[in-house]
Amino acid sequence: MKSDCHHAEFLLLLLFFLSLFPLFAARYAAAGELRCDLAVSFDPAAHFLNGTIRCSMAAGESLALQTAGLDLGSVVVNGAKQEVGIGEDGLLALPATDGSQAVDIAFSKKIEPGSSASSMIDSQGIVLLDLWYPLPLQPARISLIAGIPADFSAVSEADEIIYQQSGETRKVSFSFAQPRSFIHFIAGPYQVREERMAGGTIVATYFFPEDQEFAQVYGAKTMEYLARYEKLIGPYPYKRYSVVENRLPTGFAMPTFTLLGQSVVRLPFITETSLGHEVLHSWFGNAVGVDHELGNWCEGLTTYLADQAYAADKGEEVDFRKGQLIKYQSHVGPDNTMTAADFKDAGDHGIASQATRAVGYNKVSMLFHMLRKKVGDEIFYAALRDFYQQHKFRNASWDDVQQSFSKAADLDLSTFFDQWLLRPDVPALTVQKLRIEIKDGAPELTFDLVQQNTPPYEFTLPVQVKNGKEMVRQDVAVTQAKTPVSFSLTSMPPTMEIDPDYDLMRKLVPDEVPPVWSRFQGGAEKMAVLADGSEEKFAPLRPMLEEMDCAIVTESELNEHDLGVKNLLFLGTDSKASLGLFARPAFPATGFTLEVRENPLAPGLVAVIIQAETREQVAAVARKLGHYGKYGYLHFEDGKNTEKRVPESDYGIGYILDQPPRGAAVEKSLEFDDVMDRIADSRAVYVGETHVNQADHLLQFRVLQAIHQRYPEVAVGMEMFNRSSQAALDAYVKGDIDERQFLKDAQYFKNWGYDYRYYRDILQYARQHRLPVIALNLDKDIVSDTFREGGIAGLAPEIKETLPVERDLSMPGYRQRLVQVFQSHSGPHFNANDQKMANFVQSQALWDETMAETIAGYLSSHAQAKMIVIAGSGHVVKENAIPPRVARRIPVKQTVVVNVQQGDLPPDEADYVFFSNQVNLPPSPMLGLMLADKKDGPTIDGFAPNSGAKAAGMKEGDVVLAVEGQEVRTVDDIKISLLYKEHGSKLKVKARRPVFLLPDAVLDFNVQL
Ligand SMILES: [Zn+2]
């Protein structure tokens, strides 16, 4: 299914940026109106402001002002100076009187440079976002006159701005028709550009001289957005809109202007996303205000009409919504979930507020998407226009939203709003009783759609099925816990996808969730493993890791068992733990690289691998990294992102229904010798086998012979022998020992056990021509211990020492292939997420890595040699078994050859396939005995049916002393002797039989084999 790789805009928007409403955003007055006239002047060099405020109250009205952090001068009421008490909380209270009152207060404030993150007064500029004048606790209609340096321009909430020059200072007065809880003030050495739109709205840009290049495009894009939303929602609610640059790193949307940090303005994509989001807040958030106590509908709505709409403009809305669900699932879990109705504020951009944002922005944006799907576009936008008209310059609640939509749709939407606003869970879906039946020649697909939520949600669920070459789609109305669904089709459907376009707020299934950075950020139980000697290099990441509650351990502190139960982050790729899971990833040598993979030891958890060139490269990204949660691969050079990717994942909950066999176009089949000519320049030729298929062994023998005829220096690598048997192999090939001795020394029957005749021709050929035979296999016990004892962590330290250090468990397709193998061995109770499966992957990878290490070692120490590798077909898979693991260690040409007799041939398994007739070994000669090695020698334990030995008179308890006149001590000795006999011939056996109270009898038998 198609891949998901898009730009960072949306995420950056949420993270750096905007969405942060100022603390004192629009909160409209319910009744009674206060009027205040504010006048201020500045001494930028002294970081000082001086001001007066006059508030006028009607008879019977009281006034309370917040003055914390201000230096108060005189307080004059109705022309008479008064002593007024100020509480510890900074509240100045004036009681009501029978007549009207006017109060004049003088105040001043000093803001030391660097003392505030959001306010400043100096010759660079003035930014006042925190309390900077005595603030009435009720909304007031405020006029402002400010004296600023002659080269400054200024902005505040205003419909009109008028300048007057008087000597060294400039007087600027602001008037604004709407009552405000708070006004902001910004001034600086701006170059101001103004342009009037057709409808009369003035669009202004306040940019610093050095950023003039951006002013034109910001102005033009702002007008575009204003026009877009006027058309969609209704007339722009104010008379001006300004884009104002800020030296401080802010992103705010105030009525009539937006305040953007200089570093934000310079980012290339802001005009494409965040700017529009902020402009839209003029309608929703500013004109229609949010009463935060009653819930914040506005961020999710703005995200839907801005960010998701811009993605839709580019044809990327499906990825956008999928990204929202991934983000939600990464950050919101049972411990921190909340309802959408409980979302009040965006909070900061830290990791802790990501869960809150995933609800308030992403889940609520999905709510509006589902609402639009439910009522249709026309009604949806009509309802929005109604909502805006009804609540302009007032606060609105979720109830108000619901009312406008219910009215426009003429529908009772209470179930819809209740379930999406008041429930902290999201629908989790599964399919049961999935089957295809062919009725009257036409396939019918049926299944039950099951919700795991109680009570069940009500929603519409798109389901699509591929029918021949076209997609058949059904919108299933779901109201119950279990919904039966059926499709009548005309051809066998290969696949089915549920909700492929992400139209439903729901839980994603594992195949839909790629390994991305947000899964680590939001994951529980996090552990970072620091490679030895890397403390200094990665120190700049410590604050980020600590903020996300990630334990940091060095290699020596690491408890290996933790690797299988935590989300992992490897700081440096050289630690043993990292090498043992991912070998050495092919990352660029320079800059900073981060890659997220599934934790191969713990299904559902992730492992992040970080590699960096220097401490400086780490420091350059340390503060940015948090903003890239949606990606799975990131590379930075000097802090600049140069590559970012989202790994592939399924679209929709996918089911594979029917998989027809694979075919191949045979343009020209090749003679065996032609194939051999083509592959003769490979240094490693793999010939896979099913162990008991003689046709495979015959092919192995032919390939060995053919390559050796073309090239003299050939070795044979064999899975069938453990590395500890190498001495026996060497001695046999050199002619130092005979076959009988070799089989004993190599412990062939104990270690491998398959009929030796399968391999006899190959080994005899090697001996004949003195070709080295290399034992490839790890001791069998280590593989099975790894499987049984919970992975490598359970092995004894001296065993671990002998294992290859670099092991790659996450090679693409490897786990999936092993899952199929494991499934076929473990029957109906198979669970791919079982710990056993993780152990199985680890033991198989250990096996493949050991063989690869042995092959690569031989080829590097014998620079002219070739090797014919003889191993089970699962070990020679070209894509992800031994060959790529050899390639990682030594760059040599390799070829994989397999024999096909039956079954499916997946792509990328081999370079050449042969089709051979079935070949059988002649029947093997058999005694028809069960034998066991006991104290006195090989002893009869029982008989097979039609046993020749029984017919010859042998009895249970007989101890075999010799066969064909040769003394035997073990069962293996007897097996070896049988190798030299034919089926149907006779074998002379001498045995000892214990006789009660008498000396043992020694008897001779002639057994028909
Ligand atoms: Zn916002």
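Let me begin by describing the structure that accompanies this report. (Residues numbered from 1 in each chain as written. Predicted model: local features only at pLDDT ≥ 70, side-chain atom pairs only at ≥ 80, totals over all residues. Heavy atoms only, no water.)

## Thoughts on the overall build of the chain
Thinking step 1. The helix and strand tally for the chain stands at 28 helices and 48 strands.
Thinking step 2. A globule of 1009 residues ought to have a C-alpha radius of gyration of about 30 Å, yet the chain, at 39 Å, is considerably larger.
Thinking step 3. Each principal axis of the C-alpha atoms in the chain carries an extent, and together these give about 135 × 70 × 65 Å.
Thinking step 4. Looking at the chain as a whole, 55% of its 1009 residues are labelled buried.
Thinking step 5. If you take every contact in the chain between residues at least 6 apart in sequence, the share linking residues at least 24 apart comes to 69%.
Thinking step 6. Taken as a whole, the chain presents about 43800 Å² of accessible surface, with 50% of it coming from carbon and sulfur. (Helix = DSSP H or I, 4+ residues; strand = E, 2+ residues; numbered from the N terminus. Rg over C-alpha atoms; globule rule 2.2 N^0.38 Å. Buried < 20%, exposed > 50% of the residue type's maximum accessible area, 1.4 Å probe, protein only. Contact = heavy atoms within 4.5 Å. Areas by Shrake-Rupley, 256 points an atom, 1.4 Å probe, with all protein chains shown as cover.)

## Observations regarding the coordination of the zinc ion
Thinking step 1. Looking at the zinc ion, one finds its protein donor set to be H277 (NE2), H281 (NE2) and E299 (OE), positioned 2.1 Å from the metal centre.
Thinking step 2. Here the donor residues of the zinc ion share one chain and are spaced in sequence as H-x3-H-x17-E. Here H281, found in the loop between α4 (274-280) and β21 (288-290), pairs with E299, found in helix α5 (residues 298-313); they are 18 residues apart in sequence, far enough to count as distant.
Thinking step 3. Judged by its relative accessible area of 0%, H281 is buried. (Donors = N, O, S within 2.8 Å, 3.2 Å for Na, K, Ca; no water.)

## Let's talk about the nonpolar core
Thinking step 1. F284, W297, F368 and L541 are the most contacted members of the largest nonpolar core, which totals 128 residues.
Thinking step 2. Sorting elements by how many residues they give to this core places helix α7 (residues 354-375) first, with 11 residues.
Thinking step 3. Excluding anything up to four places from it in sequence, W297 contacts F284, G285, V288, G289, V290, V364, F368, F387, A396, S397, W398 and V401.
Thinking step 4. With 58 residues, the next largest nonpolar core counts V77, L94, L129 and L248 among its residues. (Core = buried A, V, L, I, M, F, W, Y, C linked by side-chain atoms within 4.5 Å.)

## Looking at the sheet that holds strand β3 (residues 63-66)
Thinking step 1. Strand order in this open sheet of three strands is β6-β3-β10, and the pairing throughout is antiparallel. Edge strands, defined here as strands with exactly one partner in the open sheet, are β6 (91-94) and β10 (135-136).
Thinking step 2. Of the strand pairs in this sheet, β3 and β10 are connected by two bridges, and their pairing is antiparallel. Within β10, the position partnered with L65 by the bridge is P136. (Pairing = 2+ DSSP bridges.)

## What about the sheet that holds strand β20 (residues 257-261)?
To summarise the sheet geometry, strands pair through backbone hydrogen bonds and adopt either a parallel or an antiparallel arrangement.
Thinking step 1. The strand order β16-β17-β18-β20-β19 describes an open sheet built from five strands, whose pairing is mixed. The open sheet has two edge strands, β16 (191-196) and β19 (251-254), and neither has a second partner. Strand-to-strand twist across the sheet, computed as the mean angle between neighbouring axes with direction ignored, equals 10°.
Thinking step 2. As paired elements, strand β18 (residues 240-246) and β20 share five bridges and run parallel to each other. Bridged to V244 within β20 is L259.
Thinking step 3. Most of the contacts of helix α2 (residues 212-232) go to strand β17 (residues 202-207), to which it runs at about 150°, and overall it touches β16, β17, β18 and β20. (Axes fitted to C-alpha atoms, helices over the stretch in contact; angles between N-to-C directions.)

## Looking at the side chain of N599
Thinking step 1. One can find N599 in the loop between β32 (592-598) and β33 (606-612).
Thinking step 2. Reaching out from N599, the side chain makes a polar contact with the backbone oxygen of L563 at a distance of 2.9 Å. (Polar contact = N/O pair within 3.5 Å; in protein donor to acceptor, adjacent residues only side chain to side chain.)

## Looking at the pattern of salt bridges
Thinking step 1. Throughout the structure, instances matching the rule amount to 49 salt bridges.
Thinking step 2. By sharing partners, the salt bridges in this structure join D574, R584, E806, E849, R885, R888 and R889 into a single network. (Salt bridge = Lys/Arg side-chain N within 4 Å of Asp/Glu carboxyl O.)

## Regarding helix α17 (residues 694-710)
Thinking step 1. In a regular helix each residue adds 1.5 Å, so 17 residues correspond to 24 Å; α17 covers 25 Å between its end C-alpha atoms and thus fits that length.
Thinking step 2. By the criterion of burial, α17 is predominantly enclosed, with 12 of the 17 residues buried.
Thinking step 3. Within α17, burial applies to Q694, A695, D696, H697, L699, Q700, F701, V703, L704, A706, I707 and H708.
Thinking step 4. Capping the start of α17 is the job of one residue whose side-chain oxygen sits 3.1 Å from the backbone nitrogen of A695: N693. (Expected span 1.5 Å × (residues − 1).)

## Brief notes about a nonpolar patch on the surface
Thinking step 1. On the surface, L905, V913 and F915 cluster together into a nonpolar patch covering about 280 Å² of accessible area.
Thinking step 2. Relative to the helices and strands, V913 is located in strand β42 (residues 912-915).
Thinking step 3. Given a relative accessible area of 31%, V913 falls into the partly exposed group. (Patch = residues over 30% accessible without salt bridge, like charges linked within 9 Å, V, L, I, M, F, W, Y side chains within 5 Å.)

## What about the packing of α17 against helix α21 (residues 757-768)?
The packing of two helices is summarised by the inter-axis angle and the distance between the axes.
Thinking step 1. Closest axis-to-axis distance for the α17/α21 pair is 8 Å, and the angle between their directions is 10°. In terms of orientation, α17 lies roughly parallel with respect to α21. Two secondary-structure elements touch here, α17 through Q694, H697, Q700, F701, L704, Q705 and H708 and α21 through Y758, Y759, D761, I762 and Y765.
Thinking step 2. Taken together, the residues that form the contact of α17 with α21 break down as six nonpolar, five polar and one charged. (Parallel < 35°, antiparallel > 145°, perpendicular 65-115°, else oblique. Nonpolar A, V, L, I, M, F, W, Y, C, P; charged D, E, K, R; others polar.)

## A few points about the packing of helix α22 (residues 780-788) against helix α25 (residues 835-861)
Thinking step 1. At a minimum axis separation of 7 Å, α22 and α25 run at an interaxial angle of 155°. Compared by their axis directions, α22 and α25 come out roughly antiparallel. By crossing handedness, the relation of α22 to α25 is classed as right-handed. In this structure, α22 contributes I782, V783, T786 and F787 to the contact, and α25 contributes K836, N839, F840, Q842, S843, L846 and W847.
Thinking step 2. Of the residues contributing to the contact of α22 with α25, the split by class is six nonpolar, four polar and one charged. (Left-handed = near helix turned anticlockwise from the far one by under 90°.)

## Comments concerning the environment of G523
Thinking step 1. Checked against the element boundaries, G523 lands in the loop between α11 (517-522) and β29 (526-530).
Thinking step 2. For G523, a relative accessible area of 16% translates into the label buried.
Thinking step 3. Distance in space between the C-alpha atoms of G523 and G948 is 66 Å, their sequence separation being 425 residues.
Thinking step 4. Other than its neighbours up to four places away in sequence, G523 contacts S330, S518 and N567.

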